[in-house]
Amino acid sequence: MLVRAAAWFSLSIITLGPACVEDPPEQAAVVGMVVPVPAPDRLDLLIVVDDSGSMSGYQATLAANLDAIAQVLLADDVDFDVRVAITTTSVPGPTCAGPLARGGELLTDTCRAAPPQAFEAPSEFSDEVVDQREICNDACPHDQIARRPSPLDDYAEQLAIRPWFEPANNSYGGNLPGDVSFEHALSCAALRGFGGCEFESPLAAASRALEHMGSPGDPAFGFLRDDTPLMILFIGDEDDCSHHAASASMFDPEGERVFWSNPAADAPTSAVCHNAGSSCDADGCVPIDRDAHGQPTTDYADATLRSLVEFEAKLATLRLERGVFVSMIGGVTPNGLLSYAPSDDAAWIEEFGWGPGCENAMGQRAQPPGRLYQLVAPIGAASSICSADWTPALESVANKIRPQLPPWCGPVGVADTDPSTVLVEPDCELIVRTAADETWPVPPCVRDEQGFVLDANLNYAVPAGADRCHVLLTDSDQQTESLYDDISDICVDAERPLEVSIAVRPGTLPVPRDSVYALTCASD
């Protein structure tokens, strides 16, 4: 991977005259320019994964798409400083207990370390035990994932082990050891199996996770960074069933069975959640709050399911401080729309309350996620869990956030100090200047007779004793075989003789806010 820092620079630059840094001797004419020290676009991503029995048929697809999601976040044109936290829909409460009831906690343990019942359990549609641990073993090569201490904020040296994952391209070089890739970390931790609680509570899980993130002293505190967009990604094949503890009686066989699709059944089904939170007619359904007697209510405190008003208010509060996006991989159509198609599958309707929202060639089906979709549609994107590729929901949001900044094109009038070589050989110096007017040099990156030296990650090599370095790219028309001295098309079209790129040693804290890079070069 080429050095990503070069793409961070804005062309909102100040071009200096011959005295840009300090007055040079008369015989040494210089040109120069100043650019703000850039920060990559940041993203805090919370993934909420359905680990209920109905997900047994999606484990292989989930494994494949977790790797693809990681690739979206690591794409060369994204340049995100990203944090990823993972939790499940199994929120502890009267209807959810046991070792897998961890919804709302930030989870970093691997699927290999999961209790046996996570991957060896009945599906929602059969009492026969299904064993899919091999899917975990194939996708995850690690029994555990150690994490390096990382700062709470990019500019604060509060190093600690955090319950989330950061790839190596973030501002501190990531929190994963060298033998663990970001792709494997995501797959290992987000493959949660299908032995979790039956009545999924993704919204309650997200709300609980956000409470942890905002509680000083909690290990999750500080996940949400100032002025950083938050994306919540829900992955599951059913709708939300987040409910108050007092509403647990609606699932009780000894209760009134107000929302049961079959009051004579031995046990409740997911249709209880659909019936408690929806109003339907021949054209489909809309989310609604209902009280314990099944009557519509405008008092969300009386609602059996936790009202969407609660979650919308929480998101509105978060949006006062940051961009907020909510996306979903669930039971929507291939083009990401909610559909309540008619169905004559009586068994499915008894189980889920309505016909499938999507179905694929392999017979996999999912419930229309009416409650989740109402939150997602205005501020996010949806992908169909019945599709092989789940990444459009993430890519849509990434396209809104990803930087559109051009490279740092150097000043015009730069002298060629060695006309005998094929390329321009500039004589330049680069410094960092802070808002307090402190300065320090940024040396050239390592170079030998073959050209720029690359490190093990194919980044420009930083000299010993330095934490960052610069390279001056001057090949405007592929005069050398190396790709690592090429000027971007943007700088070529601007008729600039060089392009500046910065390499930063992993584990280096960013320079103070409001600092600038000041470049001076000998001129013609």
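Preceding this section is the structure that the text describes.
Keep in mind that this is a model prediction, so the values were computed, not measured.

A. Here's a closer look at the environment of Ala301. On the secondary structure map, Ala301 appears in the loop between strand S9 (284-287) and helix H6 (308-319). For the pair Ala301 and His244, spaced 57 residues apart in sequence, the C-alpha separation works out to 9.1 Å.

B. Geometry of the sheet that holds strand S7 (residues 230-235). Taken in spatial order, the five strands of this open sheet run S4-S3-S7-S10-S13, and their pairing is parallel. On the outer flanks of this sheet lie strand S4 (80-88) and strand S13 (382-384), each paired with one strand and no other. The sheet shows a mean angle of 15° between the axes of neighbouring strands, direction not considered. This element, H6, spans S7 and strand S10 (324-330) of the sheet and lies at about 135° to S10.

C. Summary view of the pairing of S9. Sheet topology places strand S8 (residues 278-281) next to S9; four bridges connect them, and they run antiparallel. By the bridge assignment for S9, Ser278 is matched with Pro287. The hairpin turn running from S8 into S9, its antiparallel successor, is two residues long.

D. Main features of the state of the cysteines. Inspection of every chain in the model, using the stated rule, returns nine disulfides. Across the disulfide from Cys280 sits Cys285; the S-S distance is 2.1 Å. Between Cys280 and Cys285, the disulfide has an S-S torsion of 110° and is therefore right-handed.

E. Structural view of the sheet that holds strand S19 (residues 468-473). Taken in spatial order, the three strands of this open sheet run S14-S20-S19, and their pairing is antiparallel. The open sheet has two free edges, formed respectively by strand S14 (408-409) and S19, since each of these has just one partner strand. Bridge count between S19 and strand S20 (residues 499-504): six bridges; the pairing is antiparallel. Looking at S20, one finds that His470 is bridged to Ile502.

F. Quick peek at the packing of helix H1 (residues 59-74) against helix H3 (residues 182-190). Interaxial distance between H1 and H3 falls to 9 Å at its minimum, and their mutual angle equals 140°. Accordingly, the angle class assigned to the pair H1 and H3 is oblique. You can see that H1 and H3 cross each other, and the crossing is right-handed. Facing Leu62, Ala63, Leu66, Asp67, Ile69, Ala70, Gln71, Leu73 and Leu74 of H1, the residues of H3 in contact are Phe182, Glu183, Leu186, Ser187 and Ala190. Grouping the constituent residues of the contact of H1 with H3 by class yields ten nonpolar, two polar and two charged.

G. View of the pattern of salt bridges. Per the counting criterion, the structure on display carries 15 salt bridges. With a shortest N-O distance of 3.7 Å, Glu120 and Arg133 are connected by a salt bridge. One end of the pair, Glu120, is in strand S5 (residues 120-122); the other, Arg133, is in helix H2 (residues 133-139), with 13 residues separating them in the sequence. We note a salt bridge from Arg371 to Asp240, for which the minimum N-O separation is 2.7 Å. Separated by 131 residues along the polypeptide, Arg371 in helix H8 (residues 370-379) and Asp240 in the loop between S7 and helix H5 (271-276) bring together distant segments of the chain. By relative accessible area, which is 3% here, Arg371 ends up buried. Salt bridges here are not isolated pairs; linked through shared partners, they connect Arg102, Glu105, Asp109 and Arg192.

What counts and what doesn't
Throughout this document, residue positions are counted from 1 along each chain, in the order its sequence is written. Since the coordinates come from a predicted model, pLDDT governs what is reported: local features require at least 70, and pairs of side-chain atoms require 80 or more to be given and counted, while whole-chain, interface and lining totals use all residues. Remark: hydrogens and water are excluded; side-chain values derive from all non-hydrogen atoms of the structure. Helix and strand assignments follow DSSP, with helices taken as H or I runs no shorter than four residues and strands as E runs no shorter than two, numbered in order from the N terminus. Note: two strands are recorded as paired if DSSP finds a minimum of 2 bridges between them. For every element, the axis is a line fit to its C-alpha atoms; helices are fit only across the contacting stretch, and the angle between N-to-C directions ranges from 0 to 180 degrees. Should any heavy atoms of two residues lie within 4.5 Å, those residues are counted as being in contact. When the sulfur atoms of two cysteines come within 2.5 Å, that pair is taken as a disulfide. Any angle that falls under 35 degrees is termed roughly parallel, while one over 145 is termed roughly antiparallel, one within 65 to 115 roughly perpendicular, and all others oblique. By convention the crossing between two helices is left-handed if the near helix lies anticlockwise of the far one by an angle smaller than a right angle, and right-handed if it lies clockwise. For this classification, Asp, Glu, Lys and Arg are treated as charged, while Ala, Val, Leu, Ile, Met, Phe, Trp, Tyr, Cys and Pro are nonpolar and the rest, including Gly, are polar. Every case where a carboxyl oxygen of Asp or Glu lies within 4 Å of a side-chain nitrogen of Lys or Arg is listed as a salt bridge. Only protein chains enter the accessibility calculation, which uses a 1.4 Å probe; a residue whose area is less than 20% of its type maximum is buried, one above 50% is exposed, and one in between is partly exposed.

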